Amino acid sequence: MQYVIKGGSPLVGDVVIGGAKNAALGILAAAIMSDEDVVIENLPDVRDINVLLEAIEGIGAAVCRLDPHTVRINGSAINTIRVNDDYIKRIRASYYLLGALLGKYRRAEVSLPGGCNIGSRPIDQHLKGFRGLGARAEVDHGMVVASADHLSGGHIYLDVVSVGATINIMLAAALADGNTILENAAKEPHIVDVANMLNSMGANIKGAGTDIIRIRGVQRLHGTVYSIIPDQIEAGTFMFAAAVTRGDVTVKNVIPKHLEAISAKLIEMGCEVVEFDDAVRVVCKSRLRHTHVKTLPYPGFPTDMQPQISVALSVAEGTSMVTESIFENRFKYVDELARMGADIKVEGNVAVINGVSRLTGADVSAPDLRAGAALVLAGLGAEGYTVVDETKYILRGYERFDEKLRSLGADIEQAEDEKDVRRLKLEAV
Ligand code: UD1
């Protein structure tokens with residue numbers, strides 16, 4: 001599927017942000033750790049989530065979608081600790097089932113994770129964490145196998161700040177015997193959300209959101225009803241959509257504190273950002289100004305917003321430098337952006353962006369989830385038509401992306417094939 005975008009209209013209006021995908025992935029894995037009903041609300045209806053739900057169902061848990069954004073999970077009938085579905089290889093967060101199953105059943109076998117190709121993405125810190133809890137953890141014939149005769153609390157120091165390893169270790173340690181201290185933990189809002197959710201099931205986790213997390217293992221986890229936090233990256237993407245199109249957008253149902261790094265950059269770039277209790281308004285009236293940015297673990301500027309800010313800087317006045325310090329392969333969209341007239345040179349993990357006065361529409365292809373969304377923003381701000389191919393990546397993490405953009409006045413349509421693309425272009429002439 002492709003998006004056909006006619007650029008040039010400023011985005012104006014309100015948009016409601018959904019639940020955080022990356023929190024939801026950890027929370028769904030946590031849900032199977034109880035034998036009682038767990039109800040998850042504010043679930044984003046996106047592909048990665050639906051794939052993980054299929055995997056959870058595949059191991060025997062009961063999954064009942066009460067509505068598109070609410071699911072009831074019961075893990076009492078899980079009949080295997082082996083997760084080896086072709087689907088699951090495509091999503092990164094399948095590995096959260098390792099921590100969840102290891103904690104609950106003391107053994108887990110999960111296919112090596114897939115996900116976006118944005119770097120080498122090793123899992124050594126996850127394995128180190130499981131070993132720190134007394135488990136054996138190895139990669140064997142494409143499967144990660146973790147098992148423990150006795151899962152016990154431990155003192156674990158992460159060598160790199162890893163969101164995935166932090167969540168995985170919290171999951172397993174929640175049901176280990178004794179106390180775990182996890183140092184150099186990631187501090188992202190979704191870490192706190194997964195910890196809060198586990199605590200609502202009876203876990204005893206303290207310090208999530210700081211770099212030392214203390215987990216006192218409990219015997220069992222009970223049922224809960226839990227609502228997921230809003231998606232920081234979806235919100236940030238719409239905030240940058242406002243900037244790129246010189247629009248006026250209010251993102252609603254957000255936690256402004258989680259967006260501070262994003263808001264700060266938009267202000268530096270000349271936008272007006274107004275914070276409300278649970279909304280943020282971004283107004284951009286004139287040409288954006290250049291700035292420098294480096295991606296960092298939270299509370300730094302998120303790597304998942306790097307392509308979006310780079311698109312905005314590609315039409316900003318002056319020269320900007322974007323340093324990617326989390327994933328080494330996250331500039332793959334730059335060649336696509338160059339087709340639209342952007343002037344960007346990548347040297348190692350730094351992109352030097354000379355702002356041009358405007359981008360022009362072209363046929364481009366989404367290389368991964370966030371870069372795909374960024375190319376859509378580029379199309380919205382460009383002159384003429386842009387066709388973004390490989391939108392399947394975008395659907396992994398954005399719910400009704402085109403529909404939400406249309407509600408803000410964007411001219412964006414879905415096309416099934418080339419014929420459709422030609423028809424949409426002709427209709428608009
Ligand atoms: C998560 C997010 C992803 C986001 C990233 C950083 C999910 C499903 N995905 O990915 O959208 O871009 O956080 O905010 O939540 N590393 C190791 N060894 C490990 C694990 C990680 O060296 O065992 C390195 C990675 O290569 C990377 C850095 O640590 O350089 C951060 O990765 P990590 O925080 O683990 O990212 P993910 O959890 O995969």
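Everything quoted here is computed from the prediction, not taken from an experiment.

Quick notes on the rules
- Residues numbered from 1 in each chain as written.
- Predicted model: local features only at pLDDT ≥ 70, side-chain atom pairs only at ≥ 80, totals over all residues.
- Heavy atoms only, no water.
- Near = heavy atom within 4 Å.
- Polar contact = N/O pair within 3.5 Å; in protein donor to acceptor, adjacent residues only side chain to side chain.
- Areas by Shrake-Rupley, 256 points an atom, 1.4 Å probe, with all protein chains shown as cover.
- 1 Å grid on protein atoms, 1.4 Å probe; cavity = no way out; pocket = protein on both sides within 12 Å on 5 of 7 lines; lining within 4 Å.
- Sits in = over half its atoms within 2 Å of the grid points.
- Helix = DSSP H or I, 4+ residues; strand = E, 2+ residues; numbered from the N terminus.
- Nonpolar A, V, L, I, M, F, W, Y, C, P; charged D, E, K, R; others polar.
- Buried < 20%, exposed > 50% of the residue type's maximum accessible area, 1.4 Å probe, protein only.
- Core = buried A, V, L, I, M, F, W, Y, C linked by side-chain atoms within 4.5 Å.
- Contact = heavy atoms within 4.5 Å.
- Phe/Tyr/Trp six-rings, centres within 6.5 Å; stacked < 30°, edge-to-face > 60°.
- Points joined across faces, edges and corners; volume = space filled by probe spheres on them.
- Expected span 1.5 Å × (residues − 1).

## Section: the site of the ligand
Consideration 1: Looking at the ligand, there are 20 residues lining it, with Gln125, Ser162, Val163, Asp304 and Ile326 nearest.
Consideration 2: A distance of 3.2 Å separates an oxygen atom of the ligand from a polar atom in the side chain of Tyr95.
Consideration 3: Gly164 has a polar backbone atom sitting 2.8 Å from an oxygen atom of the ligand.
Consideration 4: In the complex, the protein chains occlude 87% of the 740 Å² of accessible area that the ligand would expose alone.
Consideration 5: A majority-of-atoms criterion places the ligand in the largest pocket.
Consideration 6: Of all the secondary-structure elements, those providing two or more residues to the shell around the ligand are α1 (21–31), α4 (124–132) and α5 (163–174).
Consideration 7: Ranked by residue count, the leading element in the shell around the ligand is α4, at three residues.
Consideration 8: By residue class, the composition of the shell around the ligand is nine nonpolar, six polar and five charged.

## Describing the side chain of Gln306
Consideration 1: By secondary structure assignment, the location of Gln306 is in helix α9 (residues 306–314).
Consideration 2: Residue Gln306 is classed as buried on the basis of its relative accessible area of 1%.
Consideration 3: At a separation of 3.1 Å, a polar atom in the side chain of Gln306 contacts the side chain of Glu324.

## Thoughts on the nonpolar core
Consideration 1: By size, the foremost hydrophobic cluster in this structure holds 80 residues, and its most contacted members are Leu28, Ile32, Ile40, Leu43, Leu97, Met197 and Leu198.
Consideration 2: Excluding its chain neighbours within four sequence positions, the residues that come into contact with Leu28 are Ile40, Leu43, Ile49, Leu52, Leu53, Ile56, Val71 and Ile73.
Consideration 3: In this structure, Ala312, Phe331, Met340 and Ile353 belong to the second largest nonpolar core, which totals 69 residues.

## Section: the packing of aromatic side chains
Consideration 1: Evaluated as defined, the whole model comprises four aromatic pairs.
Consideration 2: Centre to centre, the rings of Phe238 and Phe401 are 5.7 Å apart; their planes meet at 70°, and the pair counts as edge-to-face. Separated by 163 residues along the polypeptide, Phe238 in helix α7 (residues 232–244) and Phe401 in helix α13 (residues 401–407) bring together distant segments of the chain.
Consideration 3: Look at Phe331 and Tyr333: their rings are 6.4 Å apart centre to centre, the planes differ by 50°, and that puts the pair in the tilted class. The two residues Phe331 and Tyr333 agree in class, both being buried.
Consideration 4: Among the aromatic residues, ring-to-ring pairing joins Phe238, Tyr398 and Phe401 into one connected group.

## Describing empty space enclosed by the protein
Consideration 1: Under the definition given, this model contains two cavities of 30 Å³ or more.
Consideration 2: Taken together, Gly18, Gly19, Pro44, Val46, Asp231, Glu234, Gly397 and Glu399 make up the full set of residues lining the largest cavity.
Consideration 3: In terms of residue class, the lining of the largest cavity is built from two nonpolar, three polar and three charged.
Consideration 4: In terms of lining residues, the second largest cavity is bounded by Pro230, Asp231, Gln232, Ala235, Val254, Ile255, His258 and Leu259.
Consideration 5: Here the residues of the lining of the second largest cavity are counted per class, giving five nonpolar, two polar and one charged.

## As for α5
Each full turn of the α-helix corresponds to 3.6 residues, which orients residues three or four apart in the same direction.
Consideration 1: Its twelve residues give α5 an end-to-end C-alpha distance of 17 Å, which sits within 8% of 16 Å, the value for a rise of 1.5 Å per residue.
Consideration 2: Buried residues dominate α5, accounting for eleven of its twelve residues.
Consideration 3: Burial in α5 covers these residues: Gly164, Ala165, Thr166, Ile167, Asn168, Ile169, Met170, Leu171, Ala172, Ala173 and Ala174.
Consideration 4: With a side-chain oxygen positioned 3.4 Å from the backbone nitrogen of Gly164, the residue opening α5 is Ser162.

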